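Summary of structural features
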Amino acid sequence: MLIKQISVFVENVPGQLSEVSKILGESGIDMSALSLADTSEFGILRLIVNDPEKACDVLRAQNYIVKQNYVVAAVVDDRPGGLTGVLDILSAANVAVEYMYAFVGSKDGHAVVVIRPDNAETALKALDENHVSTLDPKDIYRL
């Protein structure tokens, strides 16, 4: 299943991450996974939250630039080379990985990796056809 992820553009100054966290927390938004990539002037905070639409609304109300896109959360064998198997499946399906990050937590001793593919539907189909488990949003919020 595809999962909505939000991306928040934050100025690269002290206190910005704390402010985003505070806004979300005060609005009852629970973060399940996150990643931060930065440049010298700004960062991109990528989040999986329990209510992406509400998160976007409250952050936009505070003048943050927020975008939504779809990611796939794949369950990966927690062993050397486990990730390679998933990446090989995507490569064989001609799917490029734009970025990915590890999910905080695990499922039944397996790692969970959040993947932003260039074609989410094709990625999901390829993983399913190769018996790679993917999580749906309700599963992520239970981990």
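Rules of the game
- Residue numbers here run from 1 along each chain, matching the order of that chain's written sequence.
- Thresholds applied to this predicted model are a pLDDT of at least 70 for local features of residues and 80 or more for the giving and counting of side-chain atom pairs; totals over whole chains, interfaces and linings are not thresholded and use all residues.
- Computation of side-chain values: all heavy atoms of the structure, hydrogens and water removed.
- Comment: axis = line fitted to C-alpha atoms, over the contacting stretch for helices; angle = value between 0 and 180 degrees taken between N-to-C directions.
- Note on conventions: DSSP H or I runs of at least 4 residues are helices, E runs of at least 2 residues are strands, and numbering of each starts at the N terminus.
- Small angles under 35 degrees read as roughly parallel and large ones over 145 as roughly antiparallel, with 65 to 115 read as roughly perpendicular and the rest as oblique.
- Crossings are sorted by hand: turned counterclockwise from the far helix by less than a right angle, the near helix makes the crossing left-handed, and turned clockwise it makes it right-handed.
- Working rule for contacts: check all heavy atoms of both residues, and any pair within 4.5 Å makes them a contact.
- By the convention adopted, Pro, Cys, Tyr, Trp, Phe, Met, Ile, Leu, Val and Ala count as nonpolar, Lys, Arg, Asp and Glu as charged, and the other residues, Gly among them, as polar.
- pLDDT is a per-residue confidence score from the predictor, ranging from 0 to 100.
- Between the rings of Phe, Tyr and Trp (Trp by its six-membered ring), a pair exists once the centres lie within 6.5 Å; its type follows the angle of the planes, with under 30 degrees stacked, over 60 edge-to-face, and the other angles tilted.
- Exposed residues in this analysis have more than 50% of their type's maximum accessible area, buried residues have under 20%, and partly exposed residues fall in between, with area computed by a 1.4 Å probe over protein chains only.
- For a Lys NZ or an Arg CZ to count as sitting over a ring, it must be within 6 Å of the ring centre and within 35 degrees of the ring normal.
- Polar contacts, as used here, are pairs of N or O atoms within 3.5 Å; protein pairs need one atom able to donate a hydrogen and one able to accept it. Residues neighboring in sequence count only if both atoms are side-chain atoms.
- Note on pairing: DSSP must find at least two bridges between two strands before they are called paired.
- The arc in question is traced by the directions running from the helix axis to the C-beta atoms.

Running from N to C, helix α3 (residues 82-92) and helix α4 (residues 120-129) cross one another at 120°; their axes reach a closest spacing of 9 Å. In terms of axis orientation, α3 runs oblique to α4. Crossing angle aside, the handedness with which α3 passes α4 is right-handed. Touching V86, I89 and L90 of α3 are A123, A126 and L127, all from α4. For the contact of α3 with α4, a count of residues per class yields six nonpolar, no polar and no charged.

This paragraph deals with the confidence of the model for the protein. For the protein, the mean per-residue pLDDT works out to 91, and 94% of the residues sit at or above 70. The spread of mean pLDDT over the elements of the protein runs between helix α5 (residues 137-142), the lowest at 72, and helix α2 (residues 52-61), the highest at 97.

Here the focus is the packing of aromatic side chains. Counting across every chain of the model gives one aromatic pair. Ring centres of F9 and F42 lie 6.2 Å apart, and the angle between their planes is 45°; this geometry places the pair in the tilted category. Of this pair, F9 sits in strand β1 (residues 3-11) while F42 sits in strand β3 (residues 42-49), and the two are 33 residues apart along the sequence. With relative accessibility at 26%, the residue F9 sits in the partly exposed group. The positively charged end of R46 is found above the aromatic ring belonging to Y99, 3.6 Å away from the centroid.

What follows covers the side chain of R116. With respect to the helices, strands and loops of the structure, R116 is situated in strand β6 (residues 110-117). On the basis of relative accessible area, R116 is assigned to the buried category, the value being 19%. A distance of 3.0 Å separates the side chain of R116 from the backbone oxygen of Y70, its partner in a polar contact. Those residues within four positions of R116 in sequence are excluded, and the remaining contacts are N69, Y70, V71, A96, V97, E98 and Y99.

Attention shifts here to unusual backbone geometry. For N94, which is not glycine, the phi torsion reads 60° and is therefore positive. Here N94 is to be found in the loop between α3 and β5 (97-107). For H131, which is not glycine, the phi torsion reads 60° and is therefore positive. Relative to the helices and strands, H131 resides in the loop between α4 and β7 (134-135).

Quick look at the pairing of β3 now. Here β3 lies mainly inside the structure; seven of its eight residues are buried. Bridge count between β1 and β3: six bridges; the pairing is antiparallel. Looking at β3, one finds that E11 is bridged to F42. Note that strand β2 (residues 31-38) and β3 share seven bridges and pair antiparallel. Across the sheet, residue L34 finds its bridge partner in β3, namely L47. The hairpin turn running from β2 into β3, its antiparallel successor, is three residues long.

Along α4, the residues that are buried comprise A120, A123, L124, A126 and L127. Looking straight down α4, one finds its buried side chains confined to an arc of 165°; they lie on one side. The exposed residues of α4 that point more than 90 degrees off its buried face are E121, K125 and D128. On its buried side, α4 packs onto β4 (65-76), α3, β6 and β7. A distance of 3.3 Å separates the backbone nitrogen of E121 from a side-chain oxygen at the start of α4, and that oxygen is part of N119. H131 lies just past α4 and shows a positive phi near 60°.

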